[in-house]
Each structure stands twice: as structure tokens, then as C-alpha cells.
Amino acid sequence: MAKAIAAITSASSAEYFSKNLQQVGFSSYTKAILTTIKEAVDNALDACEEAGILPEVSVVVERLGEAHAKGADRIRICVEDNGPGLPIDDVVKVFGEYLASSKFGRGRCTRGQQGIGISAVTTWAQLTNARGVTVITKTDKMRQAVKCIAEVDIKHNKGVMKDKETIDWDRPHGLSCEFIIDARLQLQGEGGLLAYLNGSTLVNPHLTLKYKILDQDWVEVPRVSEEAPEIPDATEPHPHTMKLGEFIAHSHLFGRVKVGAWLKKGFSRVSDGTLTELIREKFASKGLLEKSVDAATEEDFKKVFSGLQKAKLMAPSTKSVLSIGEAGLAKSVQRLGNVDFFSVVSRKPTICDFKPVLVEVAIARMTDRGAGAEEQTATLLRFANRVPLQFDKSACAMTKAAESVNWRTYGLNQPKDSLPLGPYIIAVSTVSPFIKFKNASKETVDASDELVEELRRALIQAGQKLSKHIRREEKEADLEEKRRHIEQFGPILVDGCCRIVKAKKERRQKALEGLAKLLGREAHLAEKELKEAEVHAEAALQELQEVTGILPSSESELAAKPAFAKATAGKQLSLEGMEEKDESKKFKKEAKSKGK
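In what follows, the accompanying structure is described. Quantities reported herein were computed from a predicted structural model and do not represent experimental measurements.

### Focus on the pattern of salt bridges
A complete count under the given rule lists 22 salt bridges for this structure. Here the salt bridges do not stand alone but share partners, grouping Glu62, Arg76 and Glu178 into one network.

See the structure below:
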């Protein structure tokens, strides 16, 4: 007797993701804590920027004890912001429903897009501790804040609200979300929590971040820019980036409009001229373009879609991308630690795979990496829409671009097909309203040839700036070494000559002073040059402060004033130091004229 066929059932998106949370960043207990904080902070930053508020975000991580599962701890995570807050009816949608987002498909450079991340965090909290998220929210229109617990109805993909109450809260508006999850805390390393927090401050110069991790003291990273980024207008998709199924599904978003009106309204770079070309080349008839979208058949859509693929369309506008800017990056780089030198490149927006893209790169040389730093691999920081990417590095477009650059050309040691060696941080930021990620957890950017080439060009530009600095240092070091050799053997030569000609002590002293003068080591000249260098250094420091808005502290003053450090290094009465190039030329001319 044949076995009965099992009934086919359907599952909600919440049910699917609850069984596949590894796809959205919960593949391990270590990634769980990082994903939780990242999703909450990303939502806070997006909300603040949408409302034009300079963000102030605080993060608290607390260990409550052993977890129910083996190899993990019960961790409490609380993220608060000063954003506009959420209306109470939206809380369960944001935290308890998958694919519920105001940013889905809008074509803007926002951190969140699909409305999956924070709902997945709520699901993880439910699965590991049988409790959802505790939310406190307050908007400008609310007299008191509202506190509640939001959970996910996994079977039906609906948000559920529990224990709703009004409370007093010491802020005019904002939102706080608290999760208790099973996780394992990793602080250091590329996948560590500190790497994420430091990376977030690097690409968000307008962010003030406070955090307290376990029993450590509060750490505050103040903003270095008082300007909230201007969020550009959304852009519609370009027809050349879509597949036929996407094209047809896109038509359902516009209701009962004519096909021609839908094409102009629903896509970028489709104009009246484009429609005329479709008719002229017989890709579509005038009657078809006048037909309602609802009445169009599949054959009609195929005909129009095929015609658009053959039509000559302008590349999409690049006005929709959001730039951090070279000035903003220059300010943020100095928050990474003791920086000896940095170069920043912000490319002009361009088109890659018919999508607007902007690439920015910062390379910093650190002085606090300790012994053996020259043999260590440089740290690569990757960012997509100003969000740090910390996992699945090898397949990412930014990694492939960085490894393909010949860093040896710019004075760095580099193993074959790898990142360069040395105490360097290479930060690469890609911004686009249509970034193509390889997975739902958004950790890897697809490495298309056009995007990799654009990333390479930005890295090469930053490498060229770094190369000029390194070569200047090498030339100065080589010149100084030659002078030291002359200082070492010159007096011996003078003594020998004085003995041969039986010169007096006064003549020997004058010869030594002349030698010091030729080498630029004369005491009174050194004092004069030192004063001039101090004046120039103060002017350079003032200019640096005007550009970055940062006044270096006493500990980092050398890093902030490399020109001053090099100008004054060794120009002391002990005859150690370096000669300025113009003085060197003058002394050479004098020596040459005396020789004649």
C-alpha cells in the first residue's frame, strides 16, 4: 500500500529565521553579543540621523551569571540613545516583526534595510532566556515614557506587547532597549567588541559614544564633528540592475498607473526621451505604454523589460550616496590611538554595476603597537554604509582590493597576495543605497570587478600619500647617517692634519667649528633654527586645529606635529640633529667658493 503524501505546510518568515538565526549573525555565542549590540546601535544612529539629531549612544554589557547552555554566560545588554523615540504602536513592529521597516527598498544609504536584524535579536533572547526585549520609549509628544516587553509571535510573525506601563524618564526623547541573552564576550581581536565600538566612532565623527563593559569604568568617546550628516534623497533603481521577476514585482508598488508613467516614476534615468526611443526601436508600442500596469500581461512586461535592457540609458545619479568626507575622517582617525601619520582619500561618487557608489580610505601608522609591530599584518577595517564588518573577511570586495594592491611600491613589506606588514590600520568605507551583500548578516560585500577596481584606486591614492612620507623619512635618515659618519671621523682627520702641519690649538678649534658649521651643528645657528622651527610648528598646529577641530594632548603632541618633531629633532647644543635643506645648499656654496 502506497504511503500517504505528507501535507504541505507554509511557514512565516519569523519561523524560518528562528530556525536559521546563523544566517543573520547568530552562528556562535561570540557573534551573538556583537550582533545584538550592532543591530541596536545601527538602529539608534539611523533614527537620530533621520531626525537631524546629533547622536549620543550608551552601551552597557553586564554578566549576570552562567547561562542555561554550556559554554556561555547570561549577558545583559542595554543600549540607549537620544533619538526621536518610537510611538508605542511601532515598538512591537520594530522589535517583534520580521521584514517590518520604514527603510525597506527606499534606495537610501541607511545602515538597516530589511527589518530583520533587531527582530532576530529579540528572537535570540526568547530562545535562550524565554524573554523578549524590554523597551523604554519617549517621543516629543509623550508626557511620560512607556516601558514594555516586546516579543515575537514566531508562528504568525507578529509582535506581542507585555507588561506595558508609564514611567518617568530623565530625557525629553529617546529609546532604550535591554536584552538578556546567552552569549560569550570577546573584547579584543578583529571580531571583538572593542573593534566594533572603535570602528563605529571612526566612520561616525558626529557620534558621542559611552560604554561600560563588565566591571570596567565608563568610557566616553566624544564627537569630533558638530554637524549631523545630511541624508540625501532616495533614488529609484536603475532598469539595468533588475531581473525580469524584480521588474514585474516592482510594478505592483505603484497601483493603477499607466506603464509609461510607472517607468518614469519608478526608475532612475527613464525619461520621455527613453519612451520615445522604445517606440522608435519598436521595443514597445504607444498603446502598450498607455495601458494600465494592472492590465499589462506578462508578455507586455517582457517586451518592455527587453527594450529597456537594449536602450541607451544614462548612468544613475550619484547624489544619493552619503559621504563621511576627508575632514570628518581626518578628525576620527586621531581617535584610534597614537597616530604618527595618516592619509585620507575620499573618491568622487561613481557608478559600479549601474549603482552609485562612494569609496573612502584612511591609512594610519600607529606608534603604540609595541615590539614586533613591523612583522605583524596590517589591520584592515571594513565598513559598508558606515557599519563595521568584522567577519567573513576573505571573500569581501574590500579585502580582495587591499590584497591586490602592490604595497611594496609604496615602501611597505608585503607577502604575496596578502595585506602589507607593519603597524598600520587600513580603513575602507563603501557607501551605496544598493550595496550587494553575500548573506543576510551583511558581513561580506560582493566582489564585482567594477567595485574591486574602484576600491583599488582609492587604496592606491592613499598609498601614494603614505609613500611620499616614508621616502622623505628614509632620505632624512640616510642624510643624518652620513652626517654622523662625518662627525665620527672628521675630528680624527682634523687631529691628524694638525699634527702633520704642527698647527696650534686655536687653529684646531677653528677647524672643528668650521666642520660643525658645514654639518649644520653650530650651536648658535641651531638655537636660531630651533626658534624658527617652533614658530612654524605653532602655525602648523593652529592650521591642524582649524581643519580637525582637535587640540593634541601633551602625550599625542608629537603625533599631531610631525613637522615640528622632525624640524627640531636633535638641534641641540650636543651637535646632534639635522640640517635644513636650504642651509645645506648655502653651506655647500660657501665651501665651494672657499675651495676656489
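This is not the end of the story, as more comes after the structure.
### Some remarks on the nonpolar core
One finds Ile37, Val57, Val59, Phe95 and Phe179 to be the most contacted residues of the largest nonpolar core, which totals 51 residues. The dominant element in this core, judged by the number of residues it contributes, is helix α2 (residues 29-50), at eight residues. Aside from chain neighbours lying at most four places away, what touches valine 59 is Ile37, Val41, Cys78, Val79, Leu209, Lys210, Tyr211, Lys212 and Trp218.

### A short note on the environment of glutamate 474
Within the secondary structure layout, glutamate 474 lies in helix α13 (residues 449-501). Expressed as a C-alpha distance, the spacing of glutamate 474 and glycine 411, which sit 63 residues apart in the sequence, is 9.8 Å.

### Thoughts on the pairing of strand β7 (residues 208-213)
One ladder, built from six bridges, connects strand β1 (residues 56-66) with β7; its direction is parallel. Paired with glutamate 56 across the bridge in β7 is threonine 208. Hairpin connection from β7 to strand β8 (residues 219-221): five residues lie between these consecutive antiparallel strands, with leucine 214 at a positive phi of about 55 degrees.

### Quick look at the environment of aspartate 42
Along the polypeptide, aspartate 42 turns up in helix α2. For aspartate 42, a relative accessible area of 7% translates into the label buried. Counting along the chain gives 76 residues from aspartate 42 to isoleucine 118, while the straight-line C-alpha distance between them is 9.5 Å.

### Some details on the pairing of strand β4 (residues 145-153)
Of all the nine residues making up β4, seven are buried; the element is thus mostly covered by neighbouring parts of the structure. Both strand β3 (residues 133-138) and β4 contribute to a ladder of five bridges, which runs antiparallel. Within β4, the residue paired with threonine 134 across the bridge is isoleucine 149. From the end of β3 to the start of β4, which pair antiparallel, there are six residues. Where β4 lies against strand β5 (residues 158-167), eight bridges are found, and the strand directions are antiparallel. When the bridges of β5 are listed, alanine 145 appears paired with isoleucine 167.

### A short note on the packing of helix α6 (residues 244-251) against helix α7 (residues 259-266)
At a minimum axis separation of 11 Å, α6 and α7 run at an interaxial angle of 105 degrees. Between α6 and α7, the interaxial angle falls into the category roughly perpendicular. In contact with Phe247, His250 and Ser251 of α6, α7 contributes Trp262, Leu263 and Gly266. Taken together, the residues of the contact of α6 with α7 sort by class into three nonpolar, three polar and no charged.

### With respect to the sheet that holds β1
Read across the sheet, eight strands follow the order β5-β4-β3-β6-β2-β1-β7-β8 without closing on themselves; strand pairing throughout is mixed. If you trace the sheet from one side to the other, it starts and ends with β5 and β8, each paired once. Direction aside, the axes of adjacent strands within the sheet are offset by 15 degrees on average. Bridging between β3 and strand β6 (residues 174-183) involves five bridges; their strand directions are antiparallel. Among the inter-strand pairings, isoleucine 136 is bridged to a residue of β6, identified as serine 176. Here α2 sits on the sheet and contacts β1, β2 (73-81) and β6; the angle it forms with β6, its principal contact strand, is near 170 degrees. Taken strand by strand, helix α4 (residues 117-129) contacts β2, β3, β4 and β6, and its axis lies near 45 degrees from that of β6.

Criteria and cut-off values
- Residues numbered from 1 in each chain as written.
- Predicted model: local features only at pLDDT ≥ 70, side-chain atom pairs only at ≥ 80, totals over all residues.
- Heavy atoms only, no water.
- Salt bridge = Lys/Arg side-chain N within 4 Å of Asp/Glu carboxyl O.
- Core = buried A, V, L, I, M, F, W, Y, C linked by side-chain atoms within 4.5 Å.
- Buried < 20%, exposed > 50% of the residue type's maximum accessible area, 1.4 Å probe, protein only.
- Helix = DSSP H or I, 4+ residues; strand = E, 2+ residues; numbered from the N terminus.
- Contact = heavy atoms within 4.5 Å.
- Pairing = 2+ DSSP bridges.
- Axes fitted to C-alpha atoms, helices over the stretch in contact; angles between N-to-C directions.
- Parallel < 35°, antiparallel > 145°, perpendicular 65-115°, else oblique.
- Nonpolar A, V, L, I, M, F, W, Y, C, P; charged D, E, K, R; others polar.

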